[in-house]
Amino acid sequence: MGEIVVDVNDLSRSFGTKDALDHVSFRATVGQVYGLVGANGAGKTTLLKHLLGLLRAATGSVRVFGLDPVRDPVGVLSRVGYLSEERDLPEWMRVDELMRYTQAFHPTWDASFARELLETFGLDRSKKIKELSKGMRAQAGLVAAVAHRPELLILDEPSSGLDAVVRRDILNAIVRTVADDGRTVIFSSHLLDEVERMSDHVTMIHNGRVTLSGALDDVRHGYQRSRVRFVEHFDQPPILDSALAMDGGGRSWSVVHSGSLEQFRHSVLALGGEVVESRDATLEEIFLARAGRNRQQVEVA
Amino acid sequence: MDIIINLADGVPIYRQIVNQIKYLVASDLLLPGEELPPIRTLALQLKVTPNTVVKAYDELESSGVIHGRRGAGTFVSDGRPVLAHEERQRIIEQRIDALLAEAHQLNFTADDILRMLRERRAAMKSGTSGEPTELRRK
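Residues numbered from 1 in each chain as written. Chains lettered and ligands numbered in written order. Predicted model: local features only at pLDDT ≥ 70, side-chain atom pairs only at ≥ 80, totals over all residues.

Let's talk about the overall build of chain A
Going by this rule: In this text, helices come from DSSP runs of H or I with a minimum length of four residues, and strands from runs of E with a minimum of two, each type numbered from the N-terminal end. Three exposure classes are used, all based on how many other C-beta atoms lie within 10 Å of a residue's own C-beta (placed from the backbone): buried at 20 or more, exposed at 12 or fewer, and partly exposed between those limits. Contacts are defined on C-beta atoms placed from the backbone: any two residues whose C-beta positions lie within 7 Å are in contact.
For chain A, the count of helices and strands is 10 helices and 12 strands. Each principal axis of the C-alpha atoms in chain A carries an extent, and together these give about 70 × 40 × 40 Å. In chain A, which comprises 301 residues, the share counted as buried stands at 43%. Counted over contacts in chain A with a minimum sequence separation of 6, partners at least 24 positions apart contribute 70%.

As structure tokens, this is what we get:
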């Protein structure tokens, strides 16, 4: 494993009585893409804001490039690119002013790269931010986030509410960041198929807790989705070892389960059934199962 | 390059890429000396992380299917190849497992399936059905 870029240790944070982050640990190494998944309000944005020094760690520690982002914001932020979910850009600025403004904070600003991106996106430099459509705002925010070629790119729900063209621009930025320069990307998304494709590692956050974290292939390999047939008719989901979510009825059930397949077969057999088919579960199936919505449709199209 | 990623089939994405490139080479759809897309291009086309493509190319290189990774591009190696017996068996077994599972669901026995396989093959040989074109499309 390469150099550690982000190291979050046992971070907790509450807003009022609500635990926003509950003993969260998270680590990112250089050159990898990290996907953060979780329901709205699970704590993804709160975690990302800690990395940027926008929130101070109440307990636990946060290090980015070995630095504390609250105590050394310049040392951290000059090396980070960030696109927030709200794309909170200064409304009154024109696009070219936003570029100059952002450039001032970043000695590594690559003006020709910024120009190339603006042209690719067809962004009018003389337009005010407040006159831009949602997609164009995201594009402008993206240029501001990547044109200094940051060592760490942080994207909070980058695809949220965008059409396919702009989503592709975002993916393009992720791919470029990693493929050309071996830099690191952390992005949060509720689009699980996007995370499954675009991430090397995935971290699942549920109610402020990390419920699952690891290399994507390992995570997927740890869960199976099996189709099961019983002789007997079940009105309620039968109790099976290591089953996390079950869907179906009567004699046929789809089950998302963890652990060894052998053990699972055994517990199915004990109830007079057989496993018809098994495969590694998709991230979406694992997510729904781990989010505890056991009655949710497991069958995802 | 015609590669399709299917998230729901339970096979890791890098392995899907490896299998499909091996298949393209084995079936002459990719020819020796032909250049493969750069990592960034293929990653974008498939909408996957570049590291997944790197992993797939690394594996293809170490099994001799492609060469020349560093610098000047990636090319398909000479010599027909490459699908070891074990590999071919694994690919076809995946198909068979899916077929048997579906057959089971539709209440066909394994013997029914064997009989139907023979019938289909006979039909294909005599050229009386449109099936071969259908197969080629896969």
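Digging into the domain arrangement of chain A
A common way to report how large an interface is uses the accessible area buried once the components associate. All names here are of chain A. Using the following cut-off: Domain start and end points were adopted from an automatic or database domain assignment. Three residue categories are used. Nonpolar comprises Ala, Val, Leu, Ile, Met, Phe, Trp, Tyr, Cys and Pro, charged comprises Asp, Glu, Lys and Arg, and polar comprises the others, including Gly.
Domain parsing of chain A yields domain 1 (4-214) and domain 2 (222-290). Computed over C-alpha atoms, the centres of domain 1 and domain 2 are 38 Å apart. Those elements that provide at least two residues to the side of domain 1 that touches domain 2 are helix H7 (192-198), strand E8 (201-206) and strand E9 (209-215). Take the side of domain 1 that touches domain 2: its biggest share by element is 4 residues, from H7. Of the residues assigned to the side of domain 1 that touches domain 2, the class counts are 6 nonpolar, 2 polar and 2 charged.

A word on the sheet that holds strand E3 (residues 33-37) of chain A
Residues and elements named next belong to chain A. Where we set the bar: Paired strands, as defined in this entry, are two strands with at least two bridges between them according to DSSP. In this analysis, axes come from line fits to C-alpha atoms, helices being fitted only over the stretch in contact, and the angle between any two N-to-C directions falls in the range 0 to 180 degrees.
Strand order across the open sheet formed by 6 strands is E5-E6-E7-E3-E8-E9, with mixed pairing between neighbours. Of all the strands in the sheet, the pair left with one neighbour each is strand E5 (80-83) and E9. Taken over all neighbouring pairs, the strand axes of this sheet differ in orientation by 15° on average, direction set aside. The pairing of E3 with E8 spans 4 bridges and is parallel. Along E8, the bridge assignment pairs Tyr34 with His201. Helix H6 (residues 164-181) contacts E3, strand E6 (152-156) and strand E7 (184-188) of the sheet and is inclined by roughly 155° relative to E7. With respect to the sheet, helix H10 (residues 283-290) is in contact with E3, E8 and E9, its orientation differing from that of E8 by roughly 25°.

Thoughts on helix H1 (residues 44-51) of chain A
At 3.6 residues per turn, the α-helix brings residues three or four places apart onto the same side. Residue and element names in this part refer to chain A. Burial analysis of H1 places 7 of its 8 residues in the buried class, which makes it a mostly covered element. Among the residues of H1, those classed as buried are Lys44, Thr45, Thr46, Leu47, Leu48, His50 and Leu51. Positive phi appears at Gly53, one or two residues downstream of H1, with a value of about 75°.

Points about the interface of chain A and chain B
Chain A puts 21 residues into the contact, and the matching count from chain B is 19 residues. Elements with a minimum of two residues in the side of chain A that touches chain B: H6, H7 and strand E12 (273-280) of chain A. Across the side of chain A that touches chain B, the residue classes tally to 7 nonpolar, 4 polar and 10 charged.

Brief notes about the packing of helix H2 (residues 39-46) of chain B against helix H3 (residues 50-62) of chain B
All names here are of chain B. Here is the rule we go by: Note that the term roughly parallel is reserved for angles under 35 degrees, roughly antiparallel for angles over 145, roughly perpendicular for angles of 65 to 115, and oblique for everything else. Crossings are assigned a handedness: left-handed for a near helix turned anticlockwise from the far helix by less than a right angle, right-handed for a clockwise turn.
Interhelical geometry of H2 versus H3 gives an angle of 120° and a closest axis separation of 8 Å. Regarding the angle of H2 to H3, the classification is oblique. Handedness of the H2/H3 crossing: right-handed. On the side of H2, the interface is formed by Ile39, Arg40, Leu42 and Ala43, while H3 contributes Pro50, Val53, Val54 and Tyr57. For the contact of H2 with H3, the per-class residue count stands at 7 nonpolar, no polar and 1 charged.

What to know about the packing of helix H5 (residues 134-146) of chain A against H6(A)
Residue and element names in this part refer to chain A. Remark: H5 packs on H6, axes separated minimally by 10 Å, with the N-to-C direction vectors making an angle of 10°. Considering their axes alone, H5 and H6 lie roughly parallel with respect to each other. Side by side, H5 and H6 meet where Gly135, Ala138, Gln139, Leu142 and Val146 of the first sit next to Val166, Asp169, Ile170, Ala173 and Thr177 of the second. In terms of residue class, the contact of H5 with H6 is built from 6 nonpolar, 3 polar and 1 charged.

Details of the nonpolar core
Applied cut-off: Take the buried Ala, Val, Leu, Ile, Met, Phe, Trp, Tyr and Cys residues, join any whose C-beta atoms are within 7 Å, and the set you get is a nonpolar core.
Counting 101 residues, the largest nonpolar core has Ile154(A), Ile174(A) and Ala43(B) as the members making the most contacts within it. The residues contacting Ile154(A), other than those within four sequence positions of it, are Leu48(A), Leu51(A), Leu52(A), Val80(A), Gly81(A), Tyr82(A) and Ile186(A).

Structural notes on the sheet that holds strand E11 (residues 243-258) of chain A
All names here are of chain A. In spatial order, the strands read E11-E10-E12; together these 3 strands make up an open sheet with antiparallel pairing. If you trace the sheet from one side to the other, it starts and ends with E11 and E12, each paired once. Looking at each pair of strands side by side, their axes are set apart by 25° on average, direction ignored. Judged from the 7 bridges that link them, strand E10 (residues 223-234) and E12 form a sheet pairing that is antiparallel. Residue Phe230 lies in a different strand from E12, and its bridge partner there is Gly273.

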